[in-house]
Amino acid sequence: MQYLVATDGSDVSNTAVEHAAREASTWDAALDVVHVLTPDAKLVEGTLVLPGEAEAVDHGEQTLERAREVAAETAADVGTEIDVATELLTGRPADAISRYAEDAGVDGIFVGHRGLSDEQERVVGSVAKSVVDKASVPVTIIK
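Model, not experiment: these values are computed from the prediction.

Now for the packing of aromatic side chains. A complete count under the given rule lists 1 aromatic pair for this structure. Ring geometry for Tyr-3 versus Phe-110: centroids 5.4 Å apart, planes at 85 degrees, classification edge-to-face. You can see Tyr-3 sitting in strand β1 (residues 2–6) and its partner Phe-110 sitting in strand β6 (residues 108–112), a full 107 residues away along the chain. Take Tyr-3 and Phe-110: they sit in the same class, and that class is buried.

Shown next as structure tokens:
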């Protein structure tokens, strides 16, 4: 078995990572942790430019490393070890998460109910709801 958990580094995402790690421990499953980079793109003289690209990648890698630590600590708390892989993705979060899940053949997806920005969620819609709509495998939403 293989599970996928998406994180943005928020408290609710860390709770989703903990829940996914407990499930992975219970079922002796691998756990893939993903973070989706969504940098603001600008068109400068006909060339697509991503301001702060290096900083976004650094932040994404730190977010994934923290999630890996949370998963390992959670597994250790229940007396197991789990195989945790991490991956930075790009694009619209729900699309990137559901596409990764399909390509990797995961058995289930875990996502937090809300991310870092309530205002952004009102504008672009709930990532969790969109993942449910797009995914071809069960999705567990953690509150």
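Still more ground to cover, so stick around.
The next thing to look at is the packing of helix α3 (residues 93–104) against helix α5 (residues 127–134). The N-to-C vectors of α3 and α5 enclose an angle of 40 degrees; their axes lie 9 Å apart at closest approach. In terms of their interaxial angle, α3 and α5 are classed as oblique. Both α3 and α5 take part in a crossing whose hand is right-handed. Here Pro-93, Ala-94, Asp-95, Ile-97 and Ser-98 of α3 come into contact with α5, specifically with Val-127, Ser-130, Val-131 and Lys-134.

So, on to the environment of Val-34. One can find Val-34 in strand β2 (residues 30–37). A relative accessible area of 0% places Val-34 in the buried class. Residues Val-34 and Ala-6, 28 residues apart in the sequence, show an inter-C-alpha distance of 4.8 Å. Excluding anything up to four places from it in sequence, Val-34 contacts Leu-4, Val-5, Ala-6, Thr-7, Leu-64, Glu-87, Leu-89, Ile-97 and Tyr-100.

The subject of this paragraph is the packing of helix α1 (residues 11–27) against helix α2 (residues 53–77). With their axes 8 Å apart at the nearest point, α1 and α2 run at an angle of 45 degrees to one another. Compared by their axis directions, α1 and α2 come out oblique. Considering the relative orientation of α1 and α2, their crossing is right-handed. Contacts between α1 and α2 involve Asn-14, Val-17, Glu-18, Ala-21, Arg-22 and Ser-25 from the first element and Ala-67, Val-70, Ala-71, Thr-74 and Ala-75 from the second. The residue makeup of the contact of α1 with α2, split by class, is 6 nonpolar, 3 polar and 2 charged.

Analysis parameters
Residue numbers restart at each chain and count upward from 1, following the sequence in its written direction. Where local features are concerned, this predicted model is filtered to residues with pLDDT of at least 70; where side-chain atom pairs are given and counted, the filter is 80 or more; whole-chain, interface and lining totals use all residues. As a rule here, side-chain values come from all non-hydrogen atoms in the structure, and water together with hydrogens is ignored. Geometry of aromatic contacts follows a simple scheme: Phe, Tyr and Trp rings, the Trp one being its six-membered ring, pair when their centres are within 6.5 Å, and the pair is stacked under 30 degrees between planes, edge-to-face over 60, tilted otherwise. A run of DSSP states H or I qualifies as a helix once it reaches four residues; a run of E qualifies as a strand once it reaches two. Both are numbered from the N-terminal end. Each residue is placed in one exposure class: buried if its accessible area under a 1.4 Å probe, protein chains only, is under 20% of its type's maximum, exposed if it is over 50%, and partly exposed if it falls in between. Fitted lines through C-alpha atoms serve as axes, helices being fitted only where they are in contact, and the angles separating the N-to-C directions of these axes extend from 0 to 180 degrees. By definition in this entry, angles of less than 35 degrees are roughly parallel, angles greater than 145 are roughly antiparallel, angles of 65 to 115 are roughly perpendicular, and the rest are oblique. The crossing is said to be left-handed when, going from far helix to near helix, the turn is anticlockwise and less than a right angle, and right-handed when the turn is clockwise. Should any heavy atoms of two residues lie within 4.5 Å, those residues are considered in contact. Basically, the charged four are Asp, Glu, Lys and Arg, the nonpolar ten are Ala, Val, Leu, Ile, Met, Phe, Trp, Tyr, Cys and Pro, and anything else, Gly included, counts as polar.

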